[in-house]
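Structural overview for review
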Amino acid sequence: MKHTQRATLGGKLSAVLVAAGSSVGLGNIWRFPYVAGDNGGGAFLAIYILCVLILGLPLMIAEFSVGRASRKNAVGAYRALDRKWSFLGYNGVLAAFLILGFYFVVAGWTAEYMVHSVTGELARYSTAEEYTAMFERFIQNPWRPLLYTLLFITATHFVIALGVQKGIERSAKVLMPLLFIILIALAVHSLLMPGGSEGLRFFLKPDFSKITAATVLTALGQAFFSLSIGIGTMVTYASYFKPETNLRHTALNVTILDTLVALLAGIAIFPAVFSVGIQPSSGPSLVFITLPGIFNGMPWSMVWSSVFFLLLVVAALTSTISLHEVITAYMHEEWHLSRKSAAWATTGATLVLAALASLSLGVLNGWRICGLNLFDALDYLTANILLPVGGFFTCIFVGWRLDRKILQMQVTNDGQLPFRIRTLFLFLLRYLCPAILLLVFLDNLGAF
Ligand code: PFF
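Residues numbered from 1 in each chain as written. Predicted model: local features only at pLDDT ≥ 70, side-chain atom pairs only at ≥ 80, totals over all residues. Heavy atoms only, no water.

1. Focus: the nonpolar core
Of all hydrophobic cores here, the largest spans 146 residues; its most connected members are Trp 30, Phe 64, Trp 109, Leu 186, Phe 224, Leu 291 and Phe 308. Setting aside chain neighbours within four positions, we find Trp 109 in contact with Trp 30, Phe 135, Phe 138, Ile 139, Pro 145, Pro 284, Phe 288, Leu 361 and Phe 375. (Core = buried A, V, L, I, M, F, W, Y, C linked by side-chain atoms within 4.5 Å. Buried < 20%, exposed > 50% of the residue type's maximum accessible area, 1.4 Å probe, protein only. Contact = heavy atoms within 4.5 Å.)

This is how it looks when you write it as structure tokens:
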């Protein structure tokens, strides 16, 4: 066994921080508000929270158990526990690659906005139309977004190349609490904007008449995307956890943190959306055209927006690192490439995909996959299909196939921790979660 050669993470705090570093990112601050806005607001939020609690939390504990029990990359982990299930690992590696394709592009936008904040460019505009025009000009430009995407990919590559322990742990430890504080300040400011309460009502007051099968699938996919589950990221990270790490507490803390950040982002964005007169269903541009409006009304707006976009860059970076790590660890351990070569191969491949996704919003917009441009297709395919499919099979594997003793040992740290919720946990994994996932899928295919 090569156990001793593998890196482990620091203490309890580090396990929570690195996992939260993966979870908290653009999914919370960019994707969550835009899909919530697109799907009616309050009712979406209610379903989202249910998905996080009923499906997200047990699945995260399940993935942690698989990762720490096998101490391997996503493919190797499932293969080690049961050869026939390695497809679940491949599903994760593929999903990580496809997510990076569009995630790097949005991460590049945040880097560009950070630069515009520092130079004062962002503060020059003052109406929703101007923010929208500026954003469209930027994403349709063939070179600038590519340049920022490239910058971001390079940053991710170097953190990964520094190694698991040094690179990931250090970057995750920095700045997370600061992001929280700034989000609270933004939320307070946004709520005080004229007409802000209407936005708050939109976000918090459910109107269940707006809910369709597609809304539920979107909420579910968003929950998986935001928590980084159904993809092997938590399997890979948990393979570096220490034997003393309490998997249930880690999962609970990460889930709470991640959901709080999404909630705060919603409370910051929607009052401003209504106050400034932007459509909540503006899609992926929503946050980028709303935020400058909030900042502009604040004293020292340049400072606030520079720090905020810097933090967003860091939050995105800790997530891209985790996605990159899924592929790098797989290539390193399964293809026997050196870690360095594996990192380069991952970087090269994602670079090509991200460049195409970025161009698909401008010059390559004519290329359509099922009616969607490449950027939107990657977003839809991963969040609404690959992650829920990964989640479904993870439930079946851990609930039905995995040796019960292994699961018990991981969750209780070899009998040292009590496992009072065992019956509930197994009920969720074996019956309720797979049943919900299956029904939502069938309903979307028009089976009912
Ligand atoms: N959870 C990240 C976010 O919300 O931004 C995105 C992500 C990271 C998704 C890692 C999937 C993953 F494996």
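2. Re helix 16 (residues 339–359)
With 21 residues, helix 16 extends 30 Å from end C-alpha to end C-alpha; this agrees with the ideal 30 Å at 1.5 Å per step. Residues of helix 16 that are buried include every one of Ala 342, Ala 343, Thr 346, Thr 347, Thr 350, Leu 353, Ala 354, Ala 357 and Ser 358, and no others. Summarising the axial view, the buried residues of helix 16 lie within an arc of 145°, below the 170-degree limit, and thus occupy one face. Across from the buried face of helix 16, at angles greater than 90 degrees, the exposed residues are Trp 344 and Val 352. Where the residues of helix 16 are buried, they touch helix 5 (86–119), helix 6 (128–140), helix 7 (144–161), helix 15 (301–334) and helix 17 (374–401). (Helix = DSSP H or I, 4+ residues; strand = E, 2+ residues; numbered from the N terminus. Expected span 1.5 Å × (residues − 1). Arc of directions from axis to C-beta.)

3. Side note on the pattern of salt bridges
Where charged atoms from two side chains of opposite charge come close, those side chains can pair. Inspection of every chain in the model, using the stated rule, returns seven salt bridges. Put simply, Asp 82 and Arg 401 hold a salt bridge, and the shortest N to O gap is 2.8 Å. Residue Asp 82 is found in the loop between helix 4 (74–81) and helix 5, and its partner Arg 401 is found in helix 17; the two are separated by 319 residues along the sequence. The residue Glu 325 makes a salt bridge to Arg 339 at a minimum N-O spacing of 2.9 Å. (Salt bridge = Lys/Arg side-chain N within 4 Å of Asp/Glu carboxyl O.)

4. Describing the packing of helix 2 (residues 26–38) against helix 5
For the pair helix 2 and helix 5, the least separation of the axes is 12 Å and the interaxial angle reads 95°. Considered as vectors, helix 2 and helix 5 are oriented roughly perpendicular to each other. Here helix 2 contributes Leu 26, Gly 27 and Trp 30 to the contact with helix 5, which in turn contributes Phe 102, Tyr 103, Val 106, Ala 107, Trp 109 and Thr 110. Here the residues of the contact of helix 2 with helix 5 sort into seven nonpolar, two polar and no charged. (Axes fitted to C-alpha atoms, helices over the stretch in contact; angles between N-to-C directions. Parallel < 35°, antiparallel > 145°, perpendicular 65-115°, else oblique. Nonpolar A, V, L, I, M, F, W, Y, C, P; charged D, E, K, R; others polar.)

Purely geometric numbers; function is a separate question.
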